[in-house]
Amino acid sequence: MKEISCKLLVVGAGPGGYVCAIRAGQLGLDTVIVEANRLGGACLNVGCIPSKALIHAAEEFDRTRRMAAGKSPLGISLSAPEIDLVKTVAWKDGIVGRLRSGVAALLKKGRVKIVVGAAKFRDGKTVAVETETGLQIVRAEAIVIATGSAPAALPALPFGGPVISSSQALALAKIPQKLVVVGGGYIGLELGTAFAKLGASVTVVEALARILPQYDAELTRPVAKRLAELGVRTLTNAKAKGLSAKGDALLVETREEKDVRLAADKVLVTVGRKPVTEGWGREELALDMDGPFIRIDDRCRTSMRDVYAIGDVTGEPMLAHRAMAQGEMVAEIVAGHKRSWDKRAIAAACFTDPEIVTVGLSPEEAARAGLAVKVGQFPFAANGRAMTKLGEEGFVRIVARADNNVVLGVQAVGCEVSELAAPFALALEMGARLEDVAGTIHAHPTQGEAFQEAALRALGRALHI
Ligand SMILES: Cc1cc2nc3c(=O)[nH]c(=O)nc-3n(C[C@H](O)[C@H](O)[C@H](O)COP(=O)(O)OP(=O)(O)OC[C@H]3O[C@@H](n4cnc5c(N)ncnc54)[C@H](O)[C@@H]3O)c2cc1C
């Protein structure tokens, strides 16, 4: 049994944990990070990065297929394209591998010690790690729990056989002929859209009244329209009951029909993610919980002294950039800096077709909060750059306080609008007013001009509409 002591121990090397360890290393803290699986966590290995690689490959394939079908208004014609999914997955794995090596190199640069194995708490200062070469005890002055989240299963549809999670969907060797996606949230729709573009016949089953229920109907309408164009069937108010006896179909109950049978060679269950709060000795600690999550304060402190928690294990929004921002902050707090969570907004991007991006409050949320607002909306149909990209669907919407024009939220749906997350978030973080956005010269021709025009419109003086 080997023992080491350090200033900071980070449990879990997802985006929260590895960013925390890198920043701690930069600050000269003697840091150890323990990872049971692969550096980069869900985000890098089975989440953000591989899903976007698959989505991009599917988009390219679909684009060329449409050209081959003589449907390109650009005047390009091609013969029918083919796709070799094994090569696509190998390309995606190559990107993931390069990024993982980058994380390892950054940790090394910060002199962070990496211990590979599953960590188990013995007490609030000590963790035992089952490594390939035996038990490693790590004692630390401060510990960060960054154990992340895992796909949630449905009791009636446990993972196994044809029932797969998002992780398995990203590593398939063959495109399923008939794919049923259970759960119409962002992960299910991103992957469902990609597989539809790759040629699968896709059905989405959603228990609530509409897909992407976390967004308002106006934002999701263009996505629903595109899904229909791709031939994706969506069943809303529908509950998955289980697999057929032969395992070749999903049985579903809708409002209208009790027994709907959806033939499927794969059933992708994307009904959310659950925090990883078991299996690492939580019972040895005295952590207050917040529902299924670890309760934290504005410095990511748990109820135990010098024990911090960050990322998905601490609650919504379960997003990689929130985990990273928390990780960076906690490293600085442990190094003695005065920091607390003072973020005004966390942007969320949904890589459907078209994409959706949201920051801050929607008009509905502002109304629920009792705020009087001004709203300006500008359609991409009036934006030159969007037209040149065949991306006229969608809009940018800006929400500002009625009394002083301070921007409270920005939402957009449209072609590649995830790239607008940065200026939107910046506007909120810097406390911009409508006049600041309207008065900033936005390069022409870009889709960002729609942001400026939305602000102008909220001020009653839009120029291009
Ligand atoms: C398909 C998919 C697409 C996604 N797309 C996006 C996106 O576009 N944008 C976005 O912001 N987010 C996206 N997410 C969510 C994002 O991946 C998570 O929010 C993010 O990974 C959370 O980071 P984390 O550091 O909290 O935890 P995780 O990434 O879950 O990492 C936790 C790590 O801890 C390790 N661990 C757990 N227990 C132990 C233990 N006892 N000992 C040692 N190690 C342990 C795990 O092995 C894991 O590597 C997506 C997720 C999925 C599944």
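As a reminder, the structure under discussion sits directly above these lines.
Reference entry: report on the structure contained in this document. (Residues numbered from 1 in each chain as written. Predicted model: local features only at pLDDT ≥ 70, side-chain atom pairs only at ≥ 80, totals over all residues. Heavy atoms only, no water.)

A word on the site of the ligand
Then comes step 1: Close to the ligand lie 39 residues, the nearest being Glu35, Lys52, Ala119, Asp312 and Ala320.
Then comes step 2: The contact in question runs from an oxygen atom of the ligand to an N or O atom on the backbone of Ala42, over 2.9 Å.
Then comes step 3: At 2.7 Å, a side-chain N or O of Lys52 approaches an oxygen atom of the ligand.
Then comes step 4: Relative to its unbound accessible area of 1,000 Å², the ligand is 93% covered by the protein chains.
Then comes step 5: The set of elements that each furnish at least two residues to the shell around the ligand consists of helix H1 (15–26), strand S2 (31–35), helix H2 (41–46), helix H3 (48–68), strand S4 (118–123), helix H6 (186–197) and helix H8 (320–334).
Then comes step 6: The class makeup of the residues in the shell around the ligand is 20 nonpolar, 14 polar and five charged. (Near = heavy atom within 4 Å. Polar contact = N/O pair within 3.5 Å; in protein donor to acceptor, adjacent residues only side chain to side chain. Areas by Shrake-Rupley, 256 points an atom, 1.4 Å probe, with all protein chains shown as cover. Helix = DSSP H or I, 4+ residues; strand = E, 2+ residues; numbered from the N terminus. Nonpolar A, V, L, I, M, F, W, Y, C, P; charged D, E, K, R; others polar.)

So, the sheet that holds strand S24 (residues 407–414)
Then comes step 1: Spatially, the five strands line up as an open sheet ordered S20-S21-S24-S23-S22, and their pairing is antiparallel. Whereas interior strands pair on both sides, the edge strands pair on one side only; in this sheet they are strand S20 (348–350) and strand S22 (373–379). Looking at each pair of strands side by side, their axes are set apart by 10° on average, direction ignored.
Then comes step 2: With six bridges connecting them, strand S21 (residues 355–360) and S24 associate as antiparallel partners. Each residue of the ladder has a partner; that of Val357, found in S24, is Ala412.
Then comes step 3: Across the face of the sheet, helix H13 (residues 449–458) comes into contact with S22, strand S23 (394–401) and S24 while running at roughly 135° to S22. (Pairing = 2+ DSSP bridges. Axes fitted to C-alpha atoms, helices over the stretch in contact; angles between N-to-C directions. Contact = heavy atoms within 4.5 Å.)

Looking at the pairing of strand S5 (residues 126–131)
Both faces of the sheet carry side chains from a regular strand, because those side chains alternate between them.
Then comes step 1: With respect to burial, S5 is a largely interior element, five of its six residues being buried.
Then comes step 2: Where S4 and S5 come together, five bridges link them in antiparallel fashion. For Ala118, the partnering residue across the bridge sits in S5 and is Glu130.
Then comes step 3: Between the end of S4 and the start of S5, which pair antiparallel, lie two residues.
Then comes step 4: Bridging between S5 and strand S6 (residues 134–145) involves six bridges; their strand directions are antiparallel. The residue bridging Val129 from the neighbouring strand is Gln136, located in S6. (Buried < 20%, exposed > 50% of the residue type's maximum accessible area, 1.4 Å probe, protein only.)

Quick notes on the side chain of Asp62
Then comes step 1: With respect to the helices and strands, Asp62 occurs in helix H3.
Then comes step 2: The class for Asp62 is buried, based on a relative accessible area of 4%.
Then comes step 3: Apart from residues lying up to four places away in sequence, Asp62 is in contact with Lys197, Arg226 and Leu230.

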